[in-house]
Amino acid sequence: MGQTLTEKILEDHLVEGDLTTGEEIGIEIDQVLTQDTTGTLVWLQFEALGLDEVQTELAAQYCDHQTYQFDFKNTDDHRFLRSAAGTYGAHFSRPGNGICHNVHKENFAAPGKTMLGSDSHTPTPGGLGELAIGSGGLDVTVAMGGGAYYIEMPEVVNVRLEGELPEWATAKDVILEMLRRLSVKGGVGKIFEYTGPGVESLSVPERTTITNMGTELGATSSIFPTDENTKDYLERLGRAEDYVEVGPDEDADYDDQITIDLSDIEPLIAKPSMPDNVVPVNEVEGTEVDQVMIGSCTNGAYEDILPAAKMLEGRETNKTTEMIVAPGSKQASEMLAREGWVSEMMAAGVNFSEATCGACIGIGHVPASDSVSLRTFNRNFEGRSGIEDDNVYLCSPEVATAAAIKGEIIDPRNLADELGDLEDPGFEMPEKYTGSNVDLIAPDEAPDDELIKGPNIGDVPLKDELQASLEGEALLKMEDNITTDHIIPATSDILKFRSNIPKLSEFTLSRVDQDFAQRALDADGGFLVAGENYGQGSSREHAALCPMYLGVEGVLAQSFARIHKANLFNFGLIPLEIDEETYAKIQQGDDIEIVDDVAEAVRSGQEEFTVRVNDDWEATAHLDASAREREILADGGKLSHTKKQAEGG
Ligand code: F3S
């Protein structure tokens, strides 16, 4: 049997495991991407690694999520990120230069490469044949330090495209059709690989709209093969040398197959407040629209905005409907401006905005209360727009622009019939992408060679390797179902300290016990004790990092939530399972000692550990860990482990 494209790229980068579905594999990463809200911690962790420069072929730091400066913290973060990129050899994209996925696609994405990014829409360059995966910040740090990325081998699903899109149907409608069929959970543990005769009818920017929004299916990634269109796109970008042919074998063996006939696709729309709440546009026709927004990493490219500009030429937006265009990159803004399209849109009533994520995460252009907003974005979860009772619909730029003209939702085909002179603007790429790109700073042009930290940026500690003896106080005894929100609350007044671990740590478990942080620091280490399901909730790494900063050595719990347990290993905290009786007997303040030679026992695969309490009684605790998790734990967590490996240890 032949190989899928996914298998070929993974095999080229494989450092551990084989490609059996569901089994853990380790892969080498070629490119990494971070953005401003996740990047500060990534670089602080990289600093803790003690390396001089990034080890991947390419690293890029973007500033796109919080580019409006509400106070000094964002600006300080951006300055720190610029200094980190300069110091360690990454490209730096200045605030306002655009959304990470758009700028990356235009400048760096390359077929056959692997990429890891600390942003969920990292899979966007799959449209160019790059295998790109979104991950936590620590994984990105480790990849930049030269470490492999570990993942369970996903199922590879073939999405076979046939036919060609009819008039007014777009790539956005293709991915909305996928969401309509499969739901927001339909892609979990899967990579969607697009093949078939329909592929060649889609340009690269159309393909990247599809791969971008594969994230809404819950997919690990989405990817297209390369062809003449990919070559042509890279040539227009002035990057012909990055082209390589990649694709599946003809007899590739897929885990599953879906067929989409593009000629059956019609304009679709996702109703509030889920991306899979998809219906044909004509089902919701007549709904009054207060706001229309074109932009985001899904539909913010030059080629997405041009159709809107053409539809608006010589027309005006409806008096009741506000229309905002926020391009995905400054290059797109600049080109549209030079070609006169920006003034054309402005004359039609469009408010032209900075190239940023902004409104996609509720920063700016918040809809009015109890109003309808049509957006070309990828997510419409309740409240994401910045107001709780929002009604956000997701659609293509063509459907959005038709609504801006009419003042209500209308299938653009019907609007064309009504107006008589409105034509499908089609999909058009520029002859050459000509943006001046001054805001993208290459490592050799970097103005900084040392880190600049404002007052809200603190150091991240590295944990020492596990010692033979492990003892300390039971610092806090907790009930069942302690969530990561209990451990580190996610409210904005607390999370604003995400780059300042010493400060953020002051809030550790404060919802359970106000004095916990100080007590842990005073005790100079110790253990947490909990009932069932400790650490349920989000994958927040701070929920392990902050206890580690306070000196916590491990957690004794009846059971652990899966992701948090992985994070405990990653930050060097030993997660030991205890039975109900032991849990009932241990009291807060007890002295706890793990009797065995802990370092040796962890490394050798020992599962049962003896816990001595108050030098008085003993119980058995259980360590359930893979060989790799044991190595990471024994080395003091993933960062220390990576450092050791980088030093050849
Ligand atoms: Fe930014 Fe929204 Fe994309 S936050 S990265 S535009 S999903």
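Calculation notes
Residues numbered from 1 in each chain as written. Predicted model: local features only at pLDDT ≥ 70, side-chain atom pairs only at ≥ 80, totals over all residues. Near = placed C-beta within 6 Å. Domains from an automatic or database assignment. Pairing = 2+ DSSP bridges. Helix = DSSP H or I, 4+ residues; strand = E, 2+ residues; numbered from the N terminus. Axes fitted to C-alpha atoms, helices over the stretch in contact; angles between N-to-C directions. Buried ≥ 20, exposed ≤ 12 C-beta atoms within 10 Å, placed from the backbone. pLDDT = per-residue confidence, 0-100. UniProt positions renumbered as here; feature names shortened; annotations may be inferred. Contact = placed C-beta atoms within 7 Å. Core = buried A, V, L, I, M, F, W, Y, C linked by C-beta atoms within 7 Å. Expected span 1.5 Å × (residues − 1). Parallel < 35°, antiparallel > 145°, perpendicular 65-115°, else oblique. Left-handed = near helix turned anticlockwise from the far one by under 90°. Nonpolar A, V, L, I, M, F, W, Y, C, P; charged D, E, K, R; others polar.

In the nomenclature of an unreviewed UniProt entry, the protein is known as Aconitate hydratase of Halorussus aquaticus.

Participant: Looking at this structure, how should I read the site of the ligand?
Facilitator: Neighbouring the ligand are 13 residues; Ser 296, Cys 297, Cys 357, Cys 360 and Ile 361 lie closest to it. Summarising the domain contributions, the shell around the ligand has at least three residues from each of domain 1 (5-264) and domain 2 (268-419).

Participant: How should I be thinking about the sheet that holds strand S9 (residues 155-162) in this particular structure?
Facilitator: Hydrogen bonds between backbone atoms are what pair the strands of a sheet, whose relative direction is either parallel or antiparallel. The parallel open sheet is built from four strands, whose spatial order is S11-S10-S9-S12. For this open sheet the edge positions go to strand S11 (221-223) and strand S12 (256-261), each flanked by a neighbour on one side alone. Put simply, the sheet's adjacent strands are angled 20 degrees from each other on average, direction ignored. Taken together, the six bridges between S9 and strand S10 (residues 190-195) define a ladder with parallel strand orientation. In the strand pairing of S10, Asn 158 is matched with Glu 193.

Participant: Quick question: what am I supposed to make of the sheet that holds strand S8 (residues 149-152) here?
Facilitator: Strand order in the open sheet formed by three strands is S1-S2-S8, and the pairing between neighbours is antiparallel. Because the sheet does not close on itself, it has two edges, and the strands there are strand S1 (14-16) and S8. Taken over all neighbouring pairs, the strand axes of this sheet differ in orientation by 40 degrees on average, direction set aside. As paired elements, strand S2 (residues 24-27) and S8 share four bridges and run antiparallel to each other. Opposite Glu 24, over in S8, you have Glu 152 as the bridge partner.

Participant: Hey, could you run me through the pairing of strand S7 (residues 131-134) in this one?
Facilitator: Taken residue by residue, a regular strand's side chains alternate between the two faces of the sheet. Burial of the side chains of S7 extends over both faces: Leu 131 and Ile 133 are buried on one face and Ala 132 and Gly 134 on the other. Where strand S6 (residues 114-117) and S7 come together, four bridges link them in parallel fashion. Across the sheet, the residue bridging to Gly 117 is Gly 134, located in S7.

Participant: Sorry, what's going on with the confidence of the model for the protein here?
Facilitator: Where the model shows low pLDDT, its predicted coordinates should not be examined in detail. Mean pLDDT over the protein: 95, with 100% of residues reaching 70 or higher. Confidence metrics for the complex model read pTM 0.95 and ipTM 0.99.

Participant: Just checking my understanding: could you explain helix H20 (residues 562-570) for this structure?
Facilitator: Along an α-helix, residues three or four positions apart point the same way, because every turn accommodates 3.6 residues. Most of H20 sits inside the fold, with seven of its nine residues counted as buried. Those residues of H20 not exposed but buried are His 564, Lys 565, Ala 566, Asn 567, Leu 568, Phe 569 and Asn 570. Phi turns positive one or two residues past the end of H20, at Gly 572, with a value near 80 degrees.

Participant: I would appreciate a short explanation of the UniProt feature "domain: Aconitase A/isopropylmalate dehydratase small subunit swivel" (unreviewed entry) in the protein in the present structure.
Facilitator: Residues annotated in UniProt with the feature "domain: Aconitase A/isopropylmalate dehydratase small subunit swivel" (unreviewed entry) correspond here to residues 528-580. Its end C-alpha atoms 15 Å apart, residues 528-580 is made of 34% helix and 25% strand.

Participant: Hey, could you run me through the environment of Gln 291 in this one?
Facilitator: Structurally, Gln 291 can be placed in strand S15 (residues 291-295). A sequence separation of 329 residues divides Gln 291 from Thr 620, and the C-alpha atoms of the two residues are 61 Å apart. Contacts of Gln 291, omitting those with residues within four sequence positions, involve Thr 321, Glu 322, Pro 367, Ser 371 and Ser 373.

Participant: Looking at this structure, I do not really get the environment of Pro 197. What am I missing?
Facilitator: Mapping Pro 197 onto the fold places it in the loop between S10 and helix H7 (204-212). What makes Pro 197 exposed here is the crowd of 12 C-beta atoms within 10 Å.

Participant: Whenever I open this one, the nonpolar core confuses me. Can you help?
Facilitator: Across soluble globular proteins, you tend to see nonpolar side chains buried next to one another. Grouped together as the largest cluster of nonpolar side chains are 194 residues, with contacts concentrated most on Val 32, Ile 269, Ile 305, Ala 403, Phe 527, Val 529 and Val 555. Apart from the residues lying within four places of it in its own chain, the contact partners of Ala 403 are Val 289, Val 292, Thr 321, Leu 374, Glu 408, Ile 409 and Ile 410.

Participant: Looking at this structure, how should I read helix H3 (residues 72-88)?
Facilitator: For H3, built from 17 residues, the straight-helix expectation of 24 Å at 1.5 Å per residue is met to within 8% by its first-to-last C-alpha distance of 24 Å. With respect to burial, H3 is a largely interior element, 13 of its 17 residues being buried. Looking at the residues trailing H3, positive phi occurs at Gly 89, about 90 degrees.

Participant: How should the environment of Gly 454 be read in this particular structure?
Facilitator: On the secondary structure map, Gly 454 appears in the loop between strand S20 (440-441) and strand S21 (470-477). Its 15 C-beta neighbours within 10 Å are what place Gly 454 among the partly exposed residues. Along the sequence, Gly 454 and Thr 75 sit 379 residues apart, while their C-alpha atoms lie 9.2 Å from each other. Once residues within four sequence positions are removed from consideration, Gly 454 is found in contact with Phe 72, Asp 76, Arg 79 and Phe 80.

Participant: Would you mind going over the packing of helix H10 (residues 302-312) against helix H13 (residues 397-406) with me for this structure?
Facilitator: Each pair of packed helices can be described by the angle between their axes along with the distance between the axes. In the contact formed by H10 and H13, the axes pass within 9 Å of each other and the chain directions differ by 30 degrees. One finds that H10 runs roughly parallel with respect to H13. Where H10 crosses over H13, the handedness of that crossing is right-handed. Across the interface between the two elements, Asp 304, Ile 305, Pro 307, Ala 308, Met 311 and Leu 312 from H10 touch Pro 397, Glu 398 and Thr 401 from H13. Its residues assigned to classes, the contact of H10 with H13 shows six nonpolar, one polar and two charged.

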